[in-house]
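A look at the structure
Single-letter residue listing:
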Amino acid sequence: MIHHHPDNNMMLEYASGSLNWAHSLVVSAHVQLCPKCAAQMKVLNGVGGTLLASSAPAASSEDHQAQAFEQLMRRIDQGVQDETGDSEPPQKVATAASYQKVHKDPIFTAVPPVVQKLLDNNPILRWRRLSRGLKEARLNTSQDRHEVAFHRISPGSKVAEHDHRGTEITMVLYGSFSDADGVYSPGDFLVREPGEVHRPTATQDQECLCLSVVEAPVALTGFWGKVVNPFLSIRPG
Ligand SMILES: [Zn+2]
């Protein structure tokens, strides 16, 4: 059961096609998993369509959003072309092997279609250890305003306490984690504003996979933070 949803402003911006690319990606992933927000999106599209119809009969909000979604998909494709445009045959072999590995990994079996598209276009996931129990794989998205990444937390692991200089949006894709504010399960959508400090902990019995979009470098606090912080600078693209 999904308990945490994008707020109304974000849903409106998404429906009108004015939300930035990276945030549209996470909202889109959430809407694909959340019947409540999918229903709300239909209503928003209906309202937008009615408003637009009175001034410009040829356009509708639904068309607008469909176009924005198409753009989102094209952008993902564009990213992979930049990455693999001139790859040599040995690279392609490695890509296929890694692709198979990702698709056999149980934590990726129930991702929403938009995340599957990201995976299809990022066949090599380069996992690197950020701290004990926490790994990150950054995704090539051909934009540099936000960093888009998967994070996986091993069962029962606590992520180093950290705060944010920019807004961070996280959506759980597999397993669950908790922090001081609650427990988050697949589909749950969290926004952390700059200055908020939190310490996510994965549940004991399962690994946890999240999709995250970060606007600015993350600053870790505490002992582990001092060790880990140099690895968390933003790498555009
Ligand atoms: Zn929702």
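Right above here is the structure, for reference.
Every value quoted in this text rests on a predicted model; they were computed, and no experiment measured them.

1. A few points about the packing of aromatic side chains
What the rule picks out here adds up to two aromatic pairs. Relative to F150, the ring of F108 lies with its centre 5.3 Å away and its plane at 70°, an arrangement referred to as edge-to-face. Of this pair, F108 sits in the loop between α5 (89-104) and α6 (113-121) while F150 sits in strand β3 (residues 147-153), and the two are 42 residues apart along the sequence. Note on accessibility: F108 and F150 belong to one class, buried. Relative to Y184, the ring of F177 lies with its centre 5.0 Å away and its plane at 40°, an arrangement referred to as tilted. According to the relative accessible area criterion, Y184 is buried, its value standing at 3%. Over the face of the ring belonging to W127 we find R152, whose NZ or CZ atom lies 4.9 Å from the ring centre.

2. Quick word on the environment of R165
Its location among the elements puts R165 in the loop between β4 (162-164) and β5 (168-174). With 28 residues separating them along the chain, R165 and E193 place their C-alpha atoms 8.0 Å apart.

3. Description of the sheet that holds strand β9 (residues 201-202)
The antiparallel open sheet is built from three strands, whose spatial order is β7-β6-β9. Whereas interior strands pair on both sides, the edge strands pair on one side only; in this sheet they are β7 (182-184) and β9.

4. Some remarks on the pattern of salt bridges
Evaluated as defined, the whole model comprises seven salt bridges. Residue E147 is joined to R138 by a salt bridge in which the shortest nitrogen-to-oxygen separation is 3.2 Å. When its relative accessible area of 13% is taken as the criterion, R138 is described as buried. A salt bridge links E207 to R152, with the nearest nitrogen and oxygen atoms 2.7 Å apart. Here the residue E207 occupies a position in the loop between β9 and β10 (208-214), and R152 occupies one in strand β3, the gap between them amounting to 55 residues. Overall, the relative accessible area of 24% leaves E207 in the partly exposed class. We classify R152 as buried; its relative accessible area is 12%. If you follow the salt bridges from partner to partner, you end up with R128, E136, R138 and E147 in one network.

5. Some points on the nonpolar core
One finds F150 and L211 to be the most contacted residues of the largest nonpolar core, which totals 39 residues. Looking at this core, the elements that each hand over two or more residues are α1 (8-16), α2 (21-33), α3 (35-55), α4 (61-84), α6, β3, β5 and β10. In this structure L211 touches V26, V115, L118, L139, V148, A149, F150, I169, T170, M171 and L173, once residues within four positions along its chain are discounted. Counting 11 residues, the second-largest nonpolar core is a separate cluster that includes L130, V172, F177 and C210.

Calculation rules
Think of each chain on its own: its residues are numbered from 1, step by step along the sequence as written. The predicted origin of the model limits local features to residues at a pLDDT of at least 70 and limits the giving and counting of side-chain atom pairs to 80 or more, whereas totals for whole chains, interfaces and linings rest on all residues. Here the side-chain values reflect all heavy atoms present in the structure, with hydrogen atoms and water set aside. Any two rings among Phe, Tyr and Trp, with Trp reduced to its six-membered ring, count as a pair given centres within 6.5 Å; such a pair is stacked if its planes are under 30 degrees apart, edge-to-face if over 60, and tilted if neither. Helix and strand assignments follow DSSP, with helices taken as H or I runs no shorter than four residues and strands as E runs no shorter than two, numbered in order from the N terminus. Throughout this description, buried means an accessible area under 20% of the type-specific maximum (1.4 Å probe, protein chains only), exposed means over 50%, and partly exposed covers the range between. To sit over a ring, a charge needs its Lys NZ or Arg CZ within 6 Å of the ring centre and within 35 degrees of the ring normal. Whether two strands pair comes down to DSSP finding at least two bridges between them. By salt bridge we mean one thing: a side-chain nitrogen of Lys or Arg within 4 Å of a carboxyl oxygen of Asp or Glu. The term nonpolar core refers to a set of buried residues drawn from Ala, Val, Leu, Ile, Met, Phe, Trp, Tyr and Cys, joined through side-chain atoms within 4.5 Å. Contacts were defined at the residue level, with two residues in contact if any of their heavy atoms lie within 4.5 Å.

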